[in-house]
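A structural walkthrough
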Amino acid sequence: MPNLKASIKDLRKTAKRTERRKGVVSQVRNILKKIRTVTPEEAKKMLPAVYSTVDKAVQSGILKKNTGDRYKARAAKRALVAAK
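Scope of this entry: the structure provided in the associated data block.

This part is about helix H2 (residues 40-59). For H2, with 20 residues, the first-to-last C-alpha span of 28 Å sits near the 28 Å given by 1.5 Å per residue. The largest bend in H2 comes to about 45 degrees, at Met-46, with the proline Pro-48 one to four residues further on. Two residues or fewer after H2 comes Gly-61, characterised by a positive phi angle close to 85 degrees.

To continue, consider the pattern of salt bridges. For the structure shown, the criterion picks out 3 salt bridges. Ionic pairing is found between Asp-55 and Lys-72, a salt bridge with its closest N-O pair at 2.8 Å. In this pair, Asp-55 sits in helix H2 while Lys-72 sits in helix H3 (residues 65-83), placing the two residues 17 residues apart along the sequence. Across the pair Lys-65 and Asp-69 runs a salt bridge, and its minimum N-O distance is 3.2 Å. Placement of both Lys-65 and Asp-69 in helix H3 is noted, with a separation of 4 residues, approximately one turn of the helix.

Turning next to the side chain of Lys-72. Overall, the relative accessible area of 17% leaves Lys-72 in the buried class. With sequence-adjacent residues up to four places away left out, Lys-72 is seen in contact with Tyr-51, Val-54 and Asp-55.

Further remarks concern a positive patch on the surface. Taken together, the side chains of Lys-9, Arg-12, Lys-13, Lys-16, Arg-17, Arg-20 and Arg-21 present a region of like positive charge at the surface. Within the secondary structure, Arg-17 sits in helix H1 (residues 5-37). Residue Arg-17 is classed as partly exposed on the basis of its relative accessible area, which comes to 40%.

Tallying each qualifying case throughout the model produces 0 aromatic pairs. The cationic tip of Lys-72 hangs over the ring face of Tyr-51; the distance from NZ or CZ to the ring centre is 5.6 Å.

Mapping Thr-39 onto the fold places it in the loop between H1 and H2. Note: C-alpha distance between Thr-39 and Ile-8 (31 residues apart in sequence) is 49 Å.

The residue Gly-68 is located in helix H3 in this model. Considered as a pair, Gly-68 and Lys-56 are 12 residues apart in the sequence and their alpha carbons are 9.5 Å apart.

Here is a general trend for soluble globular proteins: nonpolar side chains tend to be buried in one another's company. Val-28, Leu-32, Ile-35, Leu-47, Val-50 and Ala-75 are the most contacted members of the largest nonpolar core, which has 15 residues in total. Going through the elements one at a time, H1, H2 and H3 are the ones with two or more residues in this core. With 6 residues, H2 is the single largest residue contributor to this core. Apart from the residues within four sequence positions on either side, Ala-75 is in contact with Leu-32, Ile-35, Leu-47 and Val-50.

Conventions we followed
- Residues numbered from 1 in each chain as written.
- Predicted model: local features only at pLDDT ≥ 70, side-chain atom pairs only at ≥ 80, totals over all residues.
- Heavy atoms only, no water.
- Helix = DSSP H or I, 4+ residues; strand = E, 2+ residues; numbered from the N terminus.
- Expected span 1.5 Å × (residues − 1).
- Bend = angle between axes of the 7 residues up to and from the residue.
- Salt bridge = Lys/Arg side-chain N within 4 Å of Asp/Glu carboxyl O.
- Buried < 20%, exposed > 50% of the residue type's maximum accessible area, 1.4 Å probe, protein only.
- Contact = heavy atoms within 4.5 Å.
- Patch = residues over 30% accessible without salt bridge, like charges linked within 9 Å, V, L, I, M, F, W, Y side chains within 5 Å.
- Areas by Shrake-Rupley, 256 points an atom, 1.4 Å probe, with all protein chains shown as cover.
- Lys, Arg positive; Asp, Glu negative; His and termini not counted.
- Charge placed at Lys NZ, Arg CZ, Asp CG, Glu CD.
- Phe/Tyr/Trp six-rings, centres within 6.5 Å; stacked < 30°, edge-to-face > 60°.
- Lys NZ or Arg CZ within 6 Å of the ring centre and 35° of its normal.
- Core = buried A, V, L, I, M, F, W, Y, C linked by side-chain atoms within 4.5 Å.

The following block contains the structure:
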């Protein structure tokens, strides 16, 4: 346990940020899992929701830009290639 007041506050801030990030990361993972399991037609319809979710995570700094781009590319590949 830290001794300094600032260090104690840092612990509280870290805990809050971790909780907030867990929710967003969970949303991203769930939607990516879902797009893998649905039919190609449904996956194509879900693509805008996937893009939106991943872009929000990137914008808030939870995911890095390249990671978000990679997730979107893989989702698009599954949805669009499977639909052909």
